[in-house]
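Observations on the model geometry
In case you want the letters, here they are:
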Amino acid sequence: MSRKATVTKPQTLQPPLTPSAELQLLNVFVGKWPTEGLSYGTGQSKENPYDSPVRWIGAETYEWLPGGFFLVRHFNGQIGDLPMSGIETIGYDAVSQTYSSQIFDNYGRIHLGQRTIRDGVWSSSIGTEYRTTYTFRNDGNNLATHWEWLDGDDWSVLTDSEGTKVN
């Protein structure tokens with residue numbers, strides 16, 4: 001007895017004519033951002049979370065995929081002697097009303113996350129172990145980023161960095 005494969009007719013995609021207002025809020029990220037700051041994960045203690053800082057230097061570039069429905073972030077940098085690079089895709093799901101992201105890095109890790117905006121400040125959660133706050137100043141030309149990581153049951157500072165948009 002042979003089986004027949006079931007073939008379904010492809011759906012015709014009819015994207016909206018323009019990206020939603022929610023997607024357009026991500027425009028503040030678009031551009032090239034040289035960044036530098038300090039990372040505190042190595043040698044850190046709960047009593048002194050800012051102990052043993054390591055220099056962080058890098059660059060991030062945010063750009064829209066054609067159509068303007070997904071924002072892509074390329075990042076490259078050094079945390080001390082440790083290289084860090086990867087890409088992130090960010091989109092908006094109108095049904096769930098959430099911004100979601102996927103991050104792929106040079107260590108083979110894949111992180112799933114969500115972003116939110118409140119009172120002009122962006123936040124992200126990456127899995128259950130990291131969270132980030134992005135604060136824009138100077139008409140969106142300066143970006144302060146604060147990373148935290150879950151250390152047991154407590155959140156500890158991981159990285160503080162500053163960037164200035166160059167284009």
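Now for a description of the structure that goes with this document. (Residues numbered from 1 in each chain as written. Predicted model: local features only at pLDDT ≥ 70, side-chain atom pairs only at ≥ 80, totals over all residues. Heavy atoms only, no water.)

So, the overall build of the protein
To keep things clear, this is the line we draw: The secondary structure listing takes helices from DSSP runs of H or I that are at least 4 residues long and strands from runs of E that are at least 2 residues long, numbered from the N terminus. To sort residues, take the accessible area from a 1.4 Å probe on protein chains only and compare it with the maximum for the residue type: under 20% means buried, over 50% means exposed, and anything in between is partly exposed. Any pair of residues with heavy atoms lying within 4.5 Å of one another is described as a contacting pair. With residues, only the protein chains shown are counted as cover, and all accessible areas are computed by Shrake-Rupley using a 1.4 Å probe.
For the protein, the helix and strand inventory stands at one helix and ten strands. Seen in sequence order, the protein has helices and strands lined up from the N terminus as α-β-β-β-β-β-β-β-β-β-β. Out of the 167 residues belonging to the protein, those deemed buried represent 31%. Across the protein, every contact between residues at least 6 apart in sequence was considered, and the portion connecting residues at least 24 apart equals 37%. Of the roughly 10,800 Å² of accessible surface on the protein, 54% is carried by carbon and sulfur atoms.

Here we look at the nonpolar core
Looking at soluble globular proteins, one finds that nonpolar side chains tend to be buried together. We apply this condition: Throughout this description, the term nonpolar core refers to a set of buried Ala, Val, Leu, Ile, Met, Phe, Trp, Tyr and Cys residues connected via side-chain atoms within 4.5 Å.
Within the largest apolar cluster, twelve residues are counted, these being Leu 23, Leu 26, Phe 29, Trp 33, Tyr 62, Leu 71, Ile 90, Tyr 99, Trp 122, Tyr 134, Phe 136 and Leu 143. Apart from residues lying up to four places away in sequence, Leu 143 is in contact with Trp 33, Tyr 134, Thr 135, Phe 136, Ser 161, Glu 162 and Gly 163.

Regarding the packing of aromatic side chains
Put simply, the rule is: Only Phe, Tyr and Trp rings are paired, with Trp represented by its six-membered ring, and only when their centres lie within 6.5 Å; those with planes under 30 degrees apart are stacked, over 60 edge-to-face, the remainder tilted. For a ring to carry a charge above it, either NZ of a lysine or CZ of an arginine must fall within 6 Å of the ring centroid while also lying within 35 degrees of the normal to the ring plane.
One pass over the full model with this rule turns up eight aromatic pairs. Aromatic side chains Phe 29 and Tyr 134 sit 5.5 Å apart centroid to centroid with 85 degrees between the ring planes, which places their arrangement in the edge-to-face category. Taken as a pair, Phe 29 in the loop between helix H1 (21–24) and strand S1 (31–39) and Tyr 134 in strand S8 (residues 130–137) lie far apart in primary sequence, 105 residues in all. Each member of the pair, Phe 29 together with Tyr 134, is buried. Measuring from centroid to centroid gives 5.0 Å for Phe 29 and Phe 136, while their planes differ by 80 degrees, and the two rings are edge-to-face. Taken as a pair, Phe 29 in the loop between H1 and S1 and Phe 136 in strand S8 lie far apart in primary sequence, 107 residues in all. Phe 136 carries the same exposure label as Phe 29, and that label is buried. The structure contains a cluster of three or more aromatic residues connected by ring pairs, namely Phe 29, Trp 33, Tyr 62, Tyr 92, Tyr 99, Trp 122, Tyr 134 and Phe 136. It is Arg 115 that lies over the ring of Phe 29; its NZ or CZ is 5.0 Å from the centre.

Quick look at the pairing of strand S2 (residues 54–64)
On any regular strand, side chains alternate: one points to one face of the sheet, the next to the other face. Basically, it comes down to this: Pairing between two strands requires that DSSP report at least two bridges joining them.
Alignment of S1 against S2, held across nine bridges, turns out to be antiparallel. Residue Thr 35 lies in a different strand from S2, and its bridge partner there is Gly 58. In this structure, S2 lies alongside strand S3 (residues 70–79), joined through nine bridges in antiparallel fashion. Bridged to Tyr 62 within S3 is Arg 73. The antiparallel pairing of S2 with S3 creates a hairpin that spans five residues between the two strands, and Gly 67 there sits at a positive phi of about 100 degrees.

Things to note about the pairing of S1
Alignment of S1 against strand S10 (residues 154–164), held across five bridges, turns out to be antiparallel. Across the sheet, the residue bridging to Gly 37 is Ser 161, located in S10.

Some points on the pattern of salt bridges
What counts here: A pairing counts as a salt bridge when a side-chain nitrogen of Lys or Arg comes within 4 Å of a carboxyl oxygen of Asp or Glu.
Counted under the stated rule, the structure contains seven salt bridges. Between Arg 73 and Glu 60 there is a salt bridge whose closest N-O contact spans 3.4 Å. Of the two residues, Arg 73 sits in strand S3 while Glu 60 sits in strand S2, which places them 13 residues apart along the sequence. The exposure class of Arg 73 is buried, given its relative accessible area of 5%. A salt bridge links Glu 148 to Arg 131; its shortest N-O distance comes to 2.5 Å. Taken together, the positions of Glu 148 in strand S9 (residues 142–151) and Arg 131 in strand S8 put the pair 17 residues apart, joining distant regions of the chain. Take Glu 148: its relative accessible area is 18%, and that puts it in the buried class. For Arg 131, a relative accessible area of 33% translates into the label partly exposed. Each of the salt bridges in this network shares a partner with another, and the network as a whole consists of Glu 60, Arg 73, Glu 88 and Arg 115.

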